[in-house]
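Breakdown of the fold
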Amino acid sequence: MHELDLKNGNILVTGAAGFIGAALCKRLLNENCRVIGIDNLNNYYDVNLKIYRLDALKKFNNFTFIKCDIADNDELKKIFDSHKPFIVVNLAAQAGVRYSIENPDVYINSNIVGFYNILENCRHSENLKHLIFASSSSVYGANKKIPFAVGDMTDEPVSLYAATKKSDELLAYAYNHLYKFPATGLRFFTVYGEAGRPDMAYFKFTDKLKAGQKIQIFNYGNCERDFTYIDDIIEGVYRVMKRPPENFKIYNIGGGQPENLLDFVKVLQQSLINAGVLPENYDFEAHTELLPMQAGDVPVTYADSSELEHDFNFTPKIKIQEGLKNFANWYAEYYGGK
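Residues numbered from 1 in each chain as written. Predicted model: local features only at pLDDT ≥ 70, side-chain atom pairs only at ≥ 80, totals over all residues. Heavy atoms only, no water.

**A word on the overall build of the protein chain**
Along its length, the protein chain carries 11 helices and 13 strands. A compact globule built from 338 residues would reach a C-alpha radius of gyration of about 20 Å, and the protein chain, at 19 Å, matches this within 12%. By its C-alpha atoms, the protein chain is 60 × 45 × 40 Å across when sized along the principal axes. Taken across its 338 residues, the protein chain has 53% of its residues classed as buried. If you take every contact in the protein chain between residues at least 6 apart in sequence, the share linking residues at least 24 apart comes to 83%. Carbon and sulfur atoms make up 48% of the accessible area of the protein chain, which amounts to about 14,800 Å² in all. Taking the average location of the 36 positive side-chain charges in the protein chain and that of its 42 negative ones, the two points are 3 Å from each other. (Helix = DSSP H or I, 4+ residues; strand = E, 2+ residues; numbered from the N terminus. Rg over C-alpha atoms; globule rule 2.2 N^0.38 Å. Buried < 20%, exposed > 50% of the residue type's maximum accessible area, 1.4 Å probe, protein only. Contact = heavy atoms within 4.5 Å. Areas by Shrake-Rupley, 256 points an atom, 1.4 Å probe, with all protein chains shown as cover. Lys, Arg positive; Asp, Glu negative; His and termini not counted. Charge placed at Lys NZ, Arg CZ, Asp CG, Glu CD.)

In structure tokens, the structure reads:
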């Protein structure tokens, strides 16, 4: 793999107001890269949080923000034509497993039509050197073998969200085969951290505990998740961006150390007490409810990230004790006066 100089042109990041998108933009801007960020600022969760992330990015003079939905190909084409990105990182997607059961249209529009538009614009671009796109650990679906390796079967998705992410991988593979532009798909494993997504379990648990409500832990707590801290995700993406593959490649980015959900919650609770979000004597037992597994969920996610380690000499390493401490401190600051 040859290495790209990331300062050598415009980098387009879709989903720039999202959790991972904003964190990646910040890293690139700090490295003096020129970033064009686009986002449709939908209301899947609190738009104020997206504005908060964007406001931090707009302080950089090497950042340009354009409000755009990737499903709107006319607008997307204008952005490609005027800014001529040489690297595209597609992080725009309708996220969430449970939401996809109730709102399938949104997923098809964003994750399938939107990504198809990205591929079409990349195909017609004379500048493009590398397309990186977000996939998900959810593509492993009903796969019984753990840890999940990139070559494992991904033909049994158990949610529409997972099916759309698998579709993205197939579309990207076909476009790479036909049109030869380098493309890399990244299967993220349960990303968490400060300024994260409020629909994620750790964030919802925090909101509920602070409000004195019960938190619901599914599969009676017998779930394991390969929680991956946001800084590790961004480091992985950053390294991958610089080195386009010869053809098409997929990597897992996951911590490689699945945590039992109950253990994760205990660390979260202690972090929230330490940050002053919850009082010292908080009664967790009274605020915890164990329930059976939910539709669309899987009991274990566990990444085999050995290919990432081999090709980029990188494996996520930040432990939940550090990651949840950072999240709790951010939460205390962000919601402190609210």
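That was the structure; now back to the text.
**Points about the environment of L91**
Among the structural elements, L91 can be located in the loop between β4 (87–90) and α4 (97–102). Assessed through its relative accessible area of 17%, L91 is described here as buried. Along the sequence, L91 and D39 sit 52 residues apart, while their C-alpha atoms lie 9.5 Å from each other. The residues touching L91, leaving out its near neighbours within four places in the chain, are V13, T14, G15, I20, G21, L24, A134 and F188.

**Structural notes on the sheet that holds strand β11 (residues 248–253)**
Here we have 7 strands laid out as an open sheet, ordered β3-β2-β1-β4-β5-β6-β11, and parallel in their pairing. Every interior strand has two partners, whereas the edge strands, β3 (63–67) and β11, have only one. Taken pair by pair, the neighbouring strands of this sheet meet at an average axis angle of 20°, ignoring direction. Judged from the 6 bridges that link them, strand β6 (residues 183–188) and β11 form a sheet pairing that is parallel. Bridging across to β11, T184 finds its partner in K249. (Pairing = 2+ DSSP bridges. Axes fitted to C-alpha atoms, helices over the stretch in contact; angles between N-to-C directions.)

**Points about the pairing of strand β1 (residues 10–14)**
Buried residues dominate β1, accounting for 5 of its 5 residues. Judged by which residues are buried, β1 turns out to be covered on both faces: N10, L12 and T14 on one side and I11 and V13 on the other are all buried. Inspection of the sheet shows β1 paired to strand β2 (residues 34–39) by 5 bridges, in the parallel sense. Looking across to β2, one finds that N10 is bridged to R34. Chirality of the crossover, the property in question, places the unit of β1, helix α1 (residues 19–30) and β2 among those that are right-handed. Bridge count for β1 against β4 is 4 bridges, and the pairing is parallel. From the neighbouring strand, T14 faces β4, where its bridge partner is N90. (Right-handed = clockwise from strand over helix to strand, strands pointing away.)

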